[in-house]
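Fold and geometry: a report
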Amino acid sequence: MGVQHISNRYGRQSGTWSRRGLLAALGAVPAGAALAGCGSSADASAAPDGKGATASAKSATRKATIAVTPADGTTKADFSSPVRVTVTDGTLASVRVTGNDGSTLAGTLNAARTRWTSAGNPYSGTKYTVTAIPEDGTARTATFTTKSPGETFVGYFTPEADSTSGVGMPVSINFTHAVSDRAAVQKAITVTAEPAVEIVGHWFSDTRLDFRPETYWAPGTKITLGLRLKDVQGADGVYGVQSKDVTFHIGRAQISTVDLATKEMTVRRDGSVIATYPVSGGDSDHTTWSGIMVISERFKQTRMESSTVGLGDEYDIPDVPHAQRLTTSGTFVHGNYWASTSVFGHKNTSHGCVGLHDAKGANDTSVDGYTFYDSSMLGDVVIVKNSGEKTVEASNGLNGWNLSWADWKAGSALR
């Protein structure tokens with residue numbers, strides 16, 4: 001990093017630098033050292049008797065030599081190890097490491113105050129300035145720049161930041177690259193709640209990690225997701241880039257139970273029944289999934305094609321009203337204007353969805369499809385029973401509530 005200002009007391013005679021004194025001062029920098037200290041060979045003054053300075057005098061004028069890792073001037077420094085500052089012939093008063101992104105690296109001194117180590121690693125693609133002050137009071141500086149990662153990944157999360165959801169909404173994260181070091185990635189993600197409750201992560205695949213408590217969230221809960229994925233190695237040579245906090249909120253508790261034996265849906269809000277609706281579920285050839293399902297998407301109107309769910313050309317309806325998704329595989333609770341009103345509450349005739357009487361155009365406020373849709377939100381729970389079908393897979397939608405708490409915790413990488 002070169003020699004900064006050197007006091008006239010060292011290596012200078014008659015107001016000018018001697019070649020020998022200058023080379024002696026420069027030569028005091030050890031190879032690879034990030035910060036230059038003043039060398040002792042240029043510090044000796046001639047003794048009055050013409051002989052060299054005594055050993056004690058030399059010791060008294062010896063100055064601290066400071067070294068930084070990564071070394072001063074490094075342009076592609078590793079970002080997977082902490083920053084270290086060491087001193088010889090002295091002790092450290094303070095060390096400050098700042099990045100050009102405004103960040104600082106905290107750290108600690110050892111008991112002898114001869115070594116400082118950052119508490120965390122530097123960020124990738126960042127230029128850092130190290131300012132070290134030894135006890136002699138003369139600050140030394142060094143700079144280095146960390147390399148950028150070759151390949152990166154991010155995690156897309158549900159629900160959206162600052163949104164309000166029903167009590168069944170998990171925090172679900174989908175990664176853009178397969179994660180092989182699940183423990184490292186999960187450790188870099190925190191989910192906390194107010195009021196506090198135990199929250200555990202569960203890996204459904206190498207690209208999906210969900211978080212939930214043992215039972216549904218309490219109404220009014222504030223959830224904070226902390227992503228500290230920047231420079232976390234999720235797979236060989238693949239690093240995260242996110243470092244942020246986001247908050248979500250839980251609204252009221254609405255849980256709807258669909259009994260396809262009685263063909264009726266009962267809606268409870270905060271424990272009280274607020275509505276019952278006659279419904280029609282999947283017929284004997286297209287049974288509806290049973291189990292606990294969570295509303296993950298909502299559409300005032302949407303197109304539904306049988307080809308998208310593996311049923312060939314059996315149907316293509318361009319304007320299905322009040323559709324709310326329950327599974328990734330295509331199960332919805334939605335309005336139905338094409339079936340006779342006599343179907344609802346009496347027959348299961350659908351291709352697997354739960355249907356309520358509705359009107360074409362999705363604007364008739366008097367029909368059940370409109371009313372139920374208007375009362376719902378993302379994260380509301382819909383439980384289906386007596387459908388003749390097995391329980392939906394927990395990974396098919398946001399439906400992890402179908403796993404016991406023990407099975408859920410078994411899917412954590414941090415157990």
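In what follows, the structure referred to is the one given above.
Quantities reported herein were computed from a predicted structural model and do not represent experimental measurements.

Looking at the pairing of strand β10 (residues 140–145)
- Residues of β10 alternate between two faces, with R140, A142 and F144 buried on one and T141, T143 and T145 left unburied on the opposite face.
- In terms of strand pairing, strand β9 (residues 127–134) meets β10 through six bridges, oriented antiparallel. Its bridge partner being in β10, A132 is matched across the sheet by R140.
- In textbook terms, the turn of a hairpin is the stretch between consecutive antiparallel strands, and for β9 and β10 this stretch comprises five residues, one of which, G137, has a positive phi near 90°.

Observations concerning the side chain of Q186
- Tracing the backbone shows Q186 in helix α3 (residues 182–187).
- For Q186, a relative accessible area of 4% gives the class buried.
- A polar contact of 2.9 Å, which involves the side chain of Q186, links it to the side chain of W203.
- At a separation of 2.9 Å, a polar atom in the side chain of Q186 contacts the side chain of S412.
- When neighbours within four sequence positions are excluded, Q186 is seen to be in contact with G201, W203, L209, F211, S412, A413 and L414.

Thoughts on the environment of R228
- By the secondary structure assignment, R228 is in strand β18 (residues 222–228).
- Counting along the chain gives 17 residues from R228 to D245, while the straight-line C-alpha distance between them is 8.6 Å.
- Excluding residues within four positions of it along the chain, R228 makes contact with A188, Q242, S243, K244 and D245.
- Only 3.0 Å separates the side chain of R228 from the backbone oxygen of K244, close enough to count as a polar contact.

Describing the nonpolar core
- If you look at the biggest cluster of nonpolar residues, it comprises 27 residues, and the most contacted ones within it are F175, V185, I189, F211, L225 and L229.
- Those elements that provide at least two residues to this core are β14 (171–175), β15 (189–194), β17 (208–212), β18 and β21 (243–250).
- Not counting residues up to four positions away in its chain, the partners in contact with F211 are P170, V171, I173, Q186, I189, V191, I199, V200, G201, W217 and W408.

Details of the sheet that holds β18
- Pairing within the open sheet is mixed, and its four strands lie in the order β13-β21-β18-β15. The open sheet has two edge strands, β13 (164–165) and β15, and neither has a second partner.
- Looking at chain direction, β15 and β18 are connected through six bridges and run antiparallel. In the strand pairing of β18, V191 is matched with L225.

Basis of the calculations
- Residues numbered from 1 in each chain as written.
- Predicted model: local features only at pLDDT ≥ 70, side-chain atom pairs only at ≥ 80, totals over all residues.
- Heavy atoms only, no water.
- Buried < 20%, exposed > 50% of the residue type's maximum accessible area, 1.4 Å probe, protein only.
- Helix = DSSP H or I, 4+ residues; strand = E, 2+ residues; numbered from the N terminus.
- Pairing = 2+ DSSP bridges.
- Polar contact = N/O pair within 3.5 Å; in protein donor to acceptor, adjacent residues only side chain to side chain.
- Contact = heavy atoms within 4.5 Å.
- Core = buried A, V, L, I, M, F, W, Y, C linked by side-chain atoms within 4.5 Å.

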